[in-house]
Protein chains: 4
Amino acid sequence: MTKIKKYLHTDLGHSTPDKITVRGRDLPSEILGHLNLGDMAFLELTGRMPTPQESVTFNAIVVTLVEHGITPSALVARLTYAGAPEALQAAVGAGLCGLGSVFVGSTEGAARMLSEAIPAGTEPTRPLADMARDIVADYRARKQIVPGLGHPLHKPIDPRTPRLFEIAAENGFSGHYVALIQAVQDEAERVSGKSLPVNATGAIGAIATELGLPWRIVRGLGVMARAIGLVGHILEESQDPMGIEIWQRVEKEAGGPRQD
Amino acid sequence: MTKIKKYLHTDLGHSTPDKITVRGRDLPSEILGHLNLGDMAFLELTGRMPTPQESVTFNAIVVTLVEHGITPSALVARLTYAGAPEALQAAVGAGLCGLGSVFVGSTEGAARMLSEAIPAGTEPTRPLADMARDIVADYRARKQIVPGLGHPLHKPIDPRTPRLFEIAAENGFSGHYVALIQAVQDEAERVSGKSLPVNATGAIGAIATELGLPWRIVRGLGVMARAIGLVGHILEESQDPMGIEIWQRVEKEAGGPRQD
Amino acid sequence: MTKIKKYLHTDLGHSTPDKITVRGRDLPSEILGHLNLGDMAFLELTGRMPTPQESVTFNAIVVTLVEHGITPSALVARLTYAGAPEALQAAVGAGLCGLGSVFVGSTEGAARMLSEAIPAGTEPTRPLADMARDIVADYRARKQIVPGLGHPLHKPIDPRTPRLFEIAAENGFSGHYVALIQAVQDEAERVSGKSLPVNATGAIGAIATELGLPWRIVRGLGVMARAIGLVGHILEESQDPMGIEIWQRVEKEAGGPRQD
Amino acid sequence: MTKIKKYLHTDLGHSTPDKITVRGRDLPSEILGHLNLGDMAFLELTGRMPTPQESVTFNAIVVTLVEHGITPSALVARLTYAGAPEALQAAVGAGLCGLGSVFVGSTEGAARMLSEAIPAGTEPTRPLADMARDIVADYRARKQIVPGLGHPLHKPIDPRTPRLFEIAAENGFSGHYVALIQAVQDEAERVSGKSLPVNATGAIGAIATELGLPWRIVRGLGVMARAIGLVGHILEESQDPMGIEIWQRVEKEAGGPRQD
């Protein structure tokens with residue numbers, strides 16, 4: 001059985017009749033009107049206000065993940081809304097449930113790889129190229145793909161990656177982790193003979209680790225961002241629906257005789 | 001059967017090998033580094049960039065809804081994470097499912113009340129006090145509570161309300177809808193003899209309507225904001241858990257003999 | 001604020017080191033091997049063992065709701081599983097979220113209509129045809145459709161309805177509620193001039209009310225049954241997937257130029 | 001990118017205006033009134049009708065998983081319902097999201113362990129005690145706990161296990177898999193010096209594998225069963241609530257000063 005503490009406590013927020021405190025700050029006077037939504041997310045996750053550089057960089061990585069057109073998560077939200085339009089919140093909740101190991105959750109793989117190689121608060125103890133060689137060899141030995149490299153659609157490069165790295169560099173967040181994932185790219189391309197550029201997932205995993213976020217919560221950046229995008233899809237679905245049409249097309253085809 | 005269109009289209013976003021377009025704008029060059037997360041949500045919902053005034057006002061209303069301490073939604077996310085820590089996204093999704101008619105979803109009631117009284121793009125056709133009298137009488141006749149007024153904890157006033165109205169006023173969004181909900185407060189207090197100040201829900205419903213958002217999507221503001229807060233709760237739960245302790249306390253008490 | 005009790009209690013089940021009790025019965029010795037899954041659901045909802053007649057009838061109505069081919073809920077479960085195959089439970093959970101007012105949840109409308117007309121434990125106080133006339137007039141006055149009548153696909157009749165009514169009759173559950181929904185059908189057809197036979201939703205709502213289930217939980221019959229069906233869809237998806245293909249087709253079409 | 005097929009097909013069910021077919025059988029005439037809910041689940045998962053022995057055994061294992069008192073999943077469903085009583089289906093869906101690696105999902109670990117040791121359709125190639133020795137050594141080498149053994153509450157034994165094994169034996173399903181998990185228990189107890197009896201999770205994993213179910217879907221048995229239990233909890237919550245009281249207790253305690 002999981003070890004448990006015997007008292008209950010949160011540092012995130014609490015309320016009294018005349019005060020609402022979030023992360024130790026008075027919500028009305030210290031937060032509202034002063035923080036944008038990305039800054040608020042940074043405060044929520046780290047317990048402190050972002051610097052201007054952190055603000056720009058953190059906002060950029062979460063903004064990247066808001067909208068990527070018709071994704072499985074967008075289809076799930078739309079199809080759920082079609083059946084229960086009175087429960088918009090459940091349509092967003094359902095849409096988030098699929099952000100697992102295959103899609104958005106994969107940012108966590110890159111962050112984990114990097115933060116396990118160079119633990120938070122430490123300096124690299126040997127050349128990054130050596131680390132990259134061991135990392136790639138390890139994934140190949142386990143027959144797993146290296147996270148954060150390559151993209152099925154965006155070729156030759158993922159157009160988000162250079163822009164994210166540019167923003168990180170301009171704001172002082174192009175350190176060991178960004179360098180290491182680029183070394184991993186070089187090594188993976190060398191041993192495979194294929195083009196495997198860092199994708200948005202890899203760039204976000206690296207930059208989030210530069211910002212000091214623990215890898216276990218990096219998937220959460222995609223989850224919070226996509227929640228915004230899914231509200232957008234539901235608004236469009238309410239005005240210009242596609243859910244029922246998709247269902248009817250699939251039902252008609254899939255209910256017929258097998259074609260293989 | 002729901003009327004359906006026979007083609008599928010989205011205006012939100014699409015991708016080609018070398019471009020990612022969101023709401024008609026190039027994501028890397030026009031959005032990343034330029035928009036904060038609240039601005040991105042505004043773009044996603046409205047299809048256009050916010051003005052500086054819209055940016056401040058919109059960010060303030062969504063920031064308000066991110067964190068409110070231990071709420072039922074936070075408990076749900078934490079208890080779900082305790083059982084499935086490998087699926088953080090599902091813990092957030094589960095937490096959102098309860099943002100319905102009783103809690104966060106109630107913002108939609110205020111927005112609907114106001115936008116049905118003064119349809120979008122029109123001017124009030126009679127004094128707001130007259131409208132307020134009819135609105136309050138109508139809710140009382142249906143034995144329903146007027147949305148957006150009073151608060152069980154925050155007394156005598158909800159400390160978020162004056163600050164939100166101040167930000168709205170400073171940015172030019174203190175128009176008919178803000179005035180109308182204040183008139184509704186006056187009328188509700190007059191007929192009930194009780195103190196029923198506009199709460200954060202009411203203020204957000206009014207300001208969202210000032211910003212031109214349709215009432216059907218106002219609940220979505222709370223949903224997207226709370227998704228951020230729930231990621232924060234899961235991070236804390238992963239470091240300093242309370243889910244298992246709560247479960248064990250409740251199980252022990254509730255499995256005993258009935259006490260009434 | 002919702003009125004609350006100050007102690008916590010459940011009658012459903014509790015455990016000690018050597019005993020597991022469900023609804024007052026010893027799970028290993030009194031339930032396992034004695035009750036089928038539908039009987040267990042009946043015990044869970046009512047607190048008592050079903051009679052043989054209740055067992056057949058209750059099992060029939062929940063079995064009806066397990067599988068209906070490719071539905072929006074099945075698509076949601078499959079698309080969610082495609083993104084997070086490690087979290088099967090979240091794929092089922094997501095699929096259930098859309099069983100709201102438009103689809104499966106609609107059984108509750110029929111049950112509510114019937115149990116409000118003839119409250120549980122009472123006899124009809126006037127001819128059913130008179131009740132039916134008032135019911136239909138009331139829905140028409142509110143411009144709402146009468147629940148439980150007609151079907152977009154199953155014409156001229158829903159093939160489940162006569163079989164469900166036959167099972168109910170054979171087991172002594174063809175009472176006032178079944179008669180009333182048939183009277184409602186007659187009246188609705190008379191005033192509309194259209195064929196509006198009782199559909200499976202209406203039959204299930206009527207028979208569930210005959211069985212004494214409160215209307216607020218009737219939607220839950222579809223939810224529990226569909227959870228079984230969704231596990232079946234996920235098993236098939238794991239062996240013979242369609243989620244990714246559907247996504248790619250929709251993305252390709254919907255990302256193109258508008259066609260209207 | 002996942003390899004995909006280019007056509008869409010399901011064997012589960014389809015409908016025409018006058019027929020509803022599930023797994024190749026006519027729903028009204030061949031299923032309704034003939035199958036109980038557990039048999040229907042068996043048909044849905046396997047494509048064939050259960051024998052009487054399969055029916056008793058399969059129903060017993062799913063019935064076991066319906067209700068276990070106040071669990072985290074029950075709390076999640078109740079807290080979600082408290083916020084969105086109009087969306088019962090989302091409360092059940094939220095409750096299911098936590099049935100992951102820590103709780104109910106753990107049945108899959110036992111089924112996987114057993115079916116990887118003795119692949120479906122094969123005979124054991126060496127003594128079960130030898131297999132058990134290797135299995136336990138392997139888990140210990142990976143510093144993981146052996147699935148399906150021991151229980152934090154039910155001591156010295158889980159009262160469900162002997163009854164489930166008895167039902168399996170009476171119906172001809174006490175074969176290699178049941179024998180192997182018992183050998184694993186013996187070995188684990190030998191090397192650890194602790195009492196580690198097979199728990200309900202282990203018994204269900206073994207019996208499900210005896211029934212020929214693939215390990216990837218065994219977690220689904222708990223998911224479908226618990227969906228039924230959660231509807232029961234929501235019904236009780238609607239009549240005798242605990243969600244709000246739990247929330248208020250936790251909020252009051254957790255919002256205070258840290259106690260460690």
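Residues numbered from 1 in each chain as written. Chains lettered and ligands numbered in written order. Predicted model: local features only at pLDDT ≥ 70, side-chain atom pairs only at ≥ 80, totals over all residues. Heavy atoms only, no water.

Chain A appears in an unreviewed UniProt entry as citrate synthase (unknown stereospecificity) from Variovorax humicola. UniProt annotates chain A under Pathway (unreviewed entry) with the comment "Carbohydrate metabolism; tricarboxylic acid cycle; isocitrate from oxaloacetate: step 1/2." (UniProt positions renumbered as here; feature names shortened; annotations may be inferred.)

Caption draft 1: Quick look at the environment of Arg78(A). You can see Arg78(A) is positioned in helix H4 (residues 72-83). Along the primary structure Arg78(A) and Leu230(A) are separated by 152 residues, whereas in three dimensions their C-alpha atoms are 8.5 Å apart. Look past the residues within four positions of Arg78(A) in its chain and what remains in contact with it is Ile70(A), His233(A), Glu236(A), Glu237(A), Asp240(A), Met242(A), Thr10(B) and Leu12(B). (Helix = DSSP H or I, 4+ residues; strand = E, 2+ residues; numbered from the N terminus. Contact = heavy atoms within 4.5 Å.)

Caption draft 2: A look at the pairing of strand E2 (residues 19-22) of chain B. Residues and elements named next belong to chain B. Relative to E2, strand E1 (residues 13-16) runs antiparallel, the two sharing four bridges. Among the inter-strand pairings, Gly13 is bridged to a residue of E2, identified as Val22. Where E1 folds back onto E2 in an antiparallel hairpin, the turn is made up of two residues. Across two bridges, E2 lies against strand E3 (residues 25-26) in antiparallel orientation. (Pairing = 2+ DSSP bridges.)

Caption draft 3: Summary view of the relation of the copies chain B and chain D. Taken as rigid bodies, chain B and chain D are interconverted by a rotation of 180° and an axial shift of 0.0 Å, the fit giving an RMSD of 0.0 Å. These values place the two chain copies in the arrangement generated by a two-fold rotation axis. Using C-alpha coordinates, one finds that chain B approaches the rotation axis most closely at Ala94(B), a distance of 2.1 Å. Both copies share a contact surface, since 100% of the interface residues of chain B are interface residues in chain D too. (Least-squares fit on C-alpha atoms with pLDDT ≥ 70 in both.)

Caption draft 4: Quick look at the sheet that holds strand E1 (residues 13-16) of chain C. Taken in spatial order, the three strands of this open sheet run E1-E2-E3 (chain C), and their pairing is antiparallel. At either margin of the open sheet sits one strand with a lone partner, and together these are E1 and strand E3 (25-26) of chain C.

Caption draft 5: Broad picture of the interface of chain A and chain B. Counting residues at the interface gives 90 residues for chain A and 90 residues for chain B. Roughly 7,600 Å² of surface becomes buried between chain A and chain B when both sides are summed, with 70% attributable to carbon and sulfur atoms. For chain A, the biggest contributors to the area lost against chain B are Leu32(A), Leu37(A) and Gln89(A); these three give 9% of the whole. Across the contact surface, chain A and chain B share zero salt bridges. Put simply, chain A and chain B have 22 residue pairs in polar contact (both at pLDDT 80 or more) between them. Counting residues per element, the side of chain A that touches chain B draws most heavily on helix H11 (residues 218-239) of chain A, at 12 residues. Here the residues of the side of chain A that touches chain B sort into 47 nonpolar, 24 polar and 19 charged. (Buried area = accessible area lost by both parts, 1.4 Å probe. Salt bridge = Lys/Arg side-chain N within 4 Å of Asp/Glu carboxyl O. Polar contact = N/O pair within 3.5 Å; in protein donor to acceptor, adjacent residues only side chain to side chain. Nonpolar A, V, L, I, M, F, W, Y, C, P; charged D, E, K, R; others polar.)

Caption draft 6: Spatial organisation of the packing of aromatic side chains. Scanning the entire structure with this criterion turns up eight aromatic pairs over all chains. Both rings, one in Phe103(A) and one in Trp247(C), keep their centres 5.4 Å apart while their planes meet at 75°; by these two values the pair is edge-to-face. Pair noted here: Phe103(A) is in the loop between helix H5 (88-96) and helix H6 (107-117) and Trp247(C) is in helix H12 (residues 243-254), and the two residues belong to different chains. Note on Phe103(A): relative accessible area 22%, which makes it partly exposed. Sitting over the face of the ring of Tyr139(A), Arg142(A) holds its NZ or CZ atom 4.7 Å from the ring centroid. (Phe/Tyr/Trp six-rings, centres within 6.5 Å; stacked < 30°, edge-to-face > 60°. Buried < 20%, exposed > 50% of the residue type's maximum accessible area, 1.4 Å probe, protein only. Lys NZ or Arg CZ within 6 Å of the ring centre and 35° of its normal.)

Caption draft 7: Here's a closer look at the domain arrangement of chain A. All names here are of chain A. If you check the domain split of chain A, you get domain 1 (1-51) and domain 2 (65-260). One C-alpha centre belongs to domain 1, the other to domain 2, and the line joining them spans 27 Å. Interface of domain 1 and domain 2: buried area, both sides summed, is about 380 Å²; carbon and sulfur atoms make up 90% of it. On the domain 1 side of the interface with domain 2, the three residues burying the most area are Ala41, Phe42 and Leu45, jointly 71% of the side's total. Where domain 1 packs against domain 2, one counts zero salt bridges. Across the contact surface, domain 1 and domain 2 share zero residue pairs in polar contact (both at pLDDT 80 or more). Class assignment for the residues of the side of domain 1 that touches domain 2 results in three nonpolar, one polar and no charged. (Domains from an automatic or database assignment.)

Caption draft 8: Molecular detail of the nonpolar core. Counting residues in hydrophobic clusters, the biggest one holds 148 residues, and the most contacted among them are Val92(A), Leu221(A), Val92(B) and Leu221(B). Ranked by the residues each element gives to this core, the list is headed by helix H11 (residues 215-239) of chain B, at 13 residues. Look past the residues within four positions of Val92(A) in its chain and what remains in contact with it is Ala227(A), Leu230(A), Val231(A), Ile234(A), Leu96(B) and Val223(B). Counting residues in hydrophobic clusters, the runner-up holds 146 residues, among them Ala74(C), Ala225(C), Leu65(D) and Ile234(D). (Core = buried A, V, L, I, M, F, W, Y, C linked by side-chain atoms within 4.5 Å.)

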